[in-house]
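Structural characterization, general
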Amino acid sequence: MKLQPYSEAFERFAATLSDSERSTRGRQLQRFLTLGFPSKREEDWRYTDLSPLADKTFGLANEFGARADLKTIDGTERLVFVDGRFDPTHSSAAQFHGELPTIETPAADGLLALNAAFAASGLNLQLAANEHLDAPLHVLFLGSGDAAATMSHQRHRIVLGAGASATVILEFARDSGGERLATHTLDIELGANAQLRLHRLQFERAGANLLTRIDARLARDARLKALCLDAGGGFTRHDFNVSLDGAGADAEVHGLYAPQPRAHVDNHTRIVHAAPHGRSREHFRGIVGERTRAVFSGKVVVQPGAQKTDSEQRIANLLLSKHAEVNAKPDLEIYADDVKCAHGATVGQLDDSALAYLRSRGIDAATAKSLLLRAFAIEILDHVGYAPLRRHIEDILNFPDDPELDALIEAVS
Amino acid sequence: MSKAMLNIKDLHATVDGKEILKGLSFEVKAGEVHAIMGPNGSGKSTLAHVLAGREGYVATAGEVEFDGKDLLTLEPEVRACEGVFLGFQYPVEIPGVSNLTLLKAAINARRKYRGGSEIEASDFLAWIRDRAKIVKIDPKMLSRGVNEGFSGGEKKRNEILQMLILEPRLMILDETDSGLDIDALKIVADGINTLRSPERATVLVTHYQRLLDYVQPDFVHVLARGRIVKSGGPELAQELEQKGYGWLEAA
Ligand SMILES: Nc1ncnc2c1ncn2[C@@H]1O[C@H](COP(=O)(O)OP(=O)(O)O)[C@@H](O)[C@H]1O
Ligand SMILES: [Mg+2]
């Protein structure tokens, strides 16, 4: 039978559930079995082929793998998940760990159905009106390093009341182990004038399959500032949907993808302006090297009535190898007449003359190249407002910052 | 003592497969200033880039020795560490890489090449400030991206600043004087003269005689269609200024 390993995994999982949970989730599983994984024939999945996942056997992780090598970020509170399970020992913000979700509504597609059938609890951040989360919340997703192929599926929520504010970092970290499948869904609701800074960092290894989906709804004057970073070696697909429901809502979704060799990174964003005076900014940059594929699809929809919308989308790619592939597609649908919408997508190479100039000054080719790549990436990293997080990212990207030089720049400025 | 620092013998070079330098020879001894003049397209910049080791500029025949070493086999960054400096005719803008980043990396590359340690921050800053004064560049500008938003004159002065900071032994300046007003020209000349010494040599590629009023050359070579067609003393520059380059086209 098709997708049999998934049914079998569900059988074992269902044995641990209450009767009602079992039947609710059983319906979602049936839906997944009927719909299957999205197919390459669908326009949104043209470049990301999930069909190999259908033939694989991923078990649910049995053992709880402890992890000692956590890389924390200064000044943050932490929520840690290992193979999709909550790790209370390493978490300092257990109050934001949600309960087991029940999803009654039939999922919209096979992938969501799979997630709904197996969904484990995840982040649940709910702030009352005008509540302010003092420390950024660092949510870390790790693997146990289990050699067996395992899967995990999680659901997360962020609900900010009117005027509330928070900073959240979702980090899918690097680790070792067997092949892995992880799906995540995150629902975000921002009340009037609420503000969320969200960072999705992905440093997965080869062999990891990571599929995430974020749906955000912004009420009047709400502000979302998101940064998406992909620097891993795995197979990843991210859907990021933002709906500016209230007048004057503001969404910034920026991203940098600099995948490891042989990685696959697919970012699908969709920003819907559904109310007047909304503003959206979307800047993505890609550094795509050896045998790597990057996909970017950025849809912006301005609905009738969303007058005075101010939207800008800029995508720039650096192709470092003949064996690299980028598919970057801006896609605008505008149904209102009094709007300002700009967009542009470029694919280029590293600037040879800049490289030659640096080398002529005595700087070796590798250093010169990394200075230029850093320069290209910096425009996106400048959106990271929290300094310890910026250092954390530059560390992982191997863009070691030079505090001494920063001090010198300070000194002359 | 009389051995040449730079010895170019029958140099042929191609750019994009097209032969530009067609058998070019001259010698530069330590302490000397050589001016290379010639009409547009004669191969002056090509010569400068071949000496600096730019990718795509291929020496197909002949030899170039620098201090007795075969210069042509060295990577461009190694040539720089050996003491070769090229002031670009068209300096490159590099947004996102600050001038200070470039300078610090360049200084430390040289030190590493010679087996030394990295420069102390305070020494670096003091050195930069000292040198910036000579070319009248506000050190504040150096926190910006390399040549980013610099005017034409500022870019040329920035080339001279980098040279003053890195203290090369062979200075190759490709039309650093072009497009400068008289004040900027004097600053550039001051910068070059600051470094002039019995241990250093200078190759001035120039289109105009004007710079040579401020930096006296020992020799002047006229380059046309990839060859040196005439060599002489400073008086040759005067002659070119009067006659123009037209007579070369006919020759
Ligand atoms: N990158 C290049 N590709 C092809 N031809 C070039 C390139 N650079 C220079 N040339 C050609 O080489 C010749 C010499 O150019 P150049 O060395 O720049 O002369 P000059 O500096 O004396 O004006 C010219 O005919 C020019 O068109
Ligand atoms: Mg030239």
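Residues numbered from 1 in each chain as written. Chains lettered and ligands numbered in written order. Predicted model: local features only at pLDDT ≥ 70, side-chain atom pairs only at ≥ 80, totals over all residues. Heavy atoms only, no water.

**Description of helix α6 (residues 182–195) of chain B**
Residues and elements named next belong to chain B. Over its 14 residues, α6 runs 20 Å from end to end, which matches the ideal 20 Å to within 8%, given 1.5 Å per residue. Here α6 has its buried residues at A184, L185, I187, V188, A189, G191, I192 and L195. Along its buried surface, α6 packs onto α4 (121–134), α5 (152–166), β9 (170–174) and β10 (201–205). Two or three places before D183, at the start of α6, stands the capping residue D181, its side-chain oxygen 3.2 Å from that residue's backbone nitrogen. (Helix = DSSP H or I, 4+ residues; strand = E, 2+ residues; numbered from the N terminus. Expected span 1.5 Å × (residues − 1). Buried < 20%, exposed > 50% of the residue type's maximum accessible area, 1.4 Å probe, protein only. Contact = heavy atoms within 4.5 Å. Polar contact = N/O pair within 3.5 Å; in protein donor to acceptor, adjacent residues only side chain to side chain.)

**Here's the deal with the coordination of the magnesium ion (ligand 2)**
Residue and element names in this part refer to chain B. Bound to the magnesium ion (ligand 2) are the protein donor atoms S45 (OG) and Q89 (OE1), situated 2.0 to 2.2 Å from the metal. With S45 in helix α1 (residues 44–52) and Q89 in the loop between β6 (84–87) and β7 (94–98), the pair connects residues that are 44 residues apart, well separated along the chain. Residue classification places S45 among the partly exposed residues on the basis of a relative accessible area of 21%. Under the relative-accessibility criterion, Q89 is labelled buried at 17%. (Donors = N, O, S within 2.8 Å, 3.2 Å for Na, K, Ca; no water.)

**Some thoughts on the domain arrangement of chain A**
Residues and elements named next belong to chain A. What the domain assignment lists for chain A is domain 1 (4–349) and domain 2 (354–413). Put simply, the middle of domain 1 and the middle of domain 2, counted by C-alpha atoms, are 28 Å apart. Taken together, the contacts link 31 residues of domain 1 with 18 residues of domain 2. Counting every contact that joins domain 1 to domain 2 gives 2 salt bridges. Close ionic contact of K71 with D395 constitutes a salt bridge, the shortest N to O distance being 3.5 Å. Viewed at the interface, domain 2 and domain 1 are joined by 4 residue pairs in polar contact (both at pLDDT 80 or more). Elements supplying a minimum of two residues to the side of domain 1 that touches domain 2: β7 (165–172), β9 (195–202), β11 (223–230), β13 (250–257), β15 (279–288) and β17 (310–319). By residue number, the principal contributor to the side of domain 1 that touches domain 2 is β15, which donates 5 residues. Of the residues assigned to the side of domain 1 that touches domain 2, the class counts are 14 nonpolar, 9 polar and 8 charged. (Domains from an automatic or database assignment. Salt bridge = Lys/Arg side-chain N within 4 Å of Asp/Glu carboxyl O. Nonpolar A, V, L, I, M, F, W, Y, C, P; charged D, E, K, R; others polar.)

**Quick notes on the packing of aromatic side chains**
Residue and element names in this part refer to chain A. On inspection of all chains with the given rule, the structure shows 11 aromatic pairs over all chains. Between the aromatic rings of F81 and F141, the centroid separation amounts to 5.6 Å while the plane-to-plane angle is 15°, which identifies the pairing as stacked. Residue F81 is found in strand β2 (residues 77–82), and its partner F141 is found in strand β5 (residues 137–142); the two are separated by 60 residues along the sequence. Of the two residues, F81 and F141, neither departs from the other in class, the shared state being buried. Ring geometry for F141 and F172: centres 4.7 Å apart, planes at 10°, overall stacked. One end of the pair, F141, is in strand β5; the other, F172, is in strand β7, and 31 residues separate them in sequence. Judged by relative accessible area, which is 7%, F141 ranks as buried. Grouping aromatic residues by their ring pairs yields a cluster made of F81, F86, F141 and F172. Above the ring of W45, the side-chain terminus of R237 is found at 3.7 Å from the ring centroid. When the ring centre of Y357 is taken as origin, the NZ or CZ atom of R361, which lies over that ring, is 4.8 Å away. (Phe/Tyr/Trp six-rings, centres within 6.5 Å; stacked < 30°, edge-to-face > 60°. Lys NZ or Arg CZ within 6 Å of the ring centre and 35° of its normal.)

**Some details on the sheet that holds strand β2 (residues 18–28) of chain B**
Residue and element names in this part refer to chain B. Overall, antiparallel pairing links the 4 strands, which are arranged β2-β1-β4-β5 in an open sheet. Because the sheet does not close on itself, it has two edges, and the strands there are β2 and β5 (69–70). Bridge count between strand β1 (residues 6–15) and strand β4 (residues 57–66): 8 bridges; the pairing is antiparallel. Note on β4: the bridge partner recorded for V15 is Y57. (Pairing = 2+ DSSP bridges.)

**Here's the deal with the pairing of β2(B)**
Residues and elements named next belong to chain B. Where β1 meets β2, 8 bridges bridge the pair, whose relative direction is antiparallel. Bridge pairing in β2 places I8 opposite F26. Where β1 hands over to β2, the hairpin turn is made up of 2 residues, of which D16 adopts a positive phi near 50°.

**What to know about the pairing of strand β8 (residues 180–190) of chain A**
Residue and element names in this part refer to chain A. For β8, the buried fraction is high: 9 of the 11 residues fall into the buried class. Inspection of the sheet shows strand β6 (residues 150–160) paired to β8 by 11 bridges, in the parallel sense. Within the sheet, the bridge partner assigned to I158 lies in β8 and is I188. Bridging between β8 and strand β10 (residues 208–218) involves 11 bridges; their strand directions are parallel. Bridge pairing in β10 places L190 opposite L218.

**Focus on the sheet that holds strand β3 (residues 85–86) of chain A**
Residue and element names in this part refer to chain A. Read from one edge to the other, the open sheet built from 10 strands follows the order β3-β2-β5-β7-β9-β11-β13-β15-β17-β19, with strand pairing classed as mixed. The open sheet is flanked by β3 and β19 (340–348), the only strands paired with a single partner. Where β11 lies against β13, 8 bridges are found, and the strand directions are parallel. Following the sheet pairing, L229 is matched in β13 by L256. Strands in contact with helix α6 (residues 365–381) are β11, β13, β15 and β17; relative to β15, the strand with the most contacts, it is inclined by about 155°. (Axes fitted to C-alpha atoms, helices over the stretch in contact; angles between N-to-C directions.)

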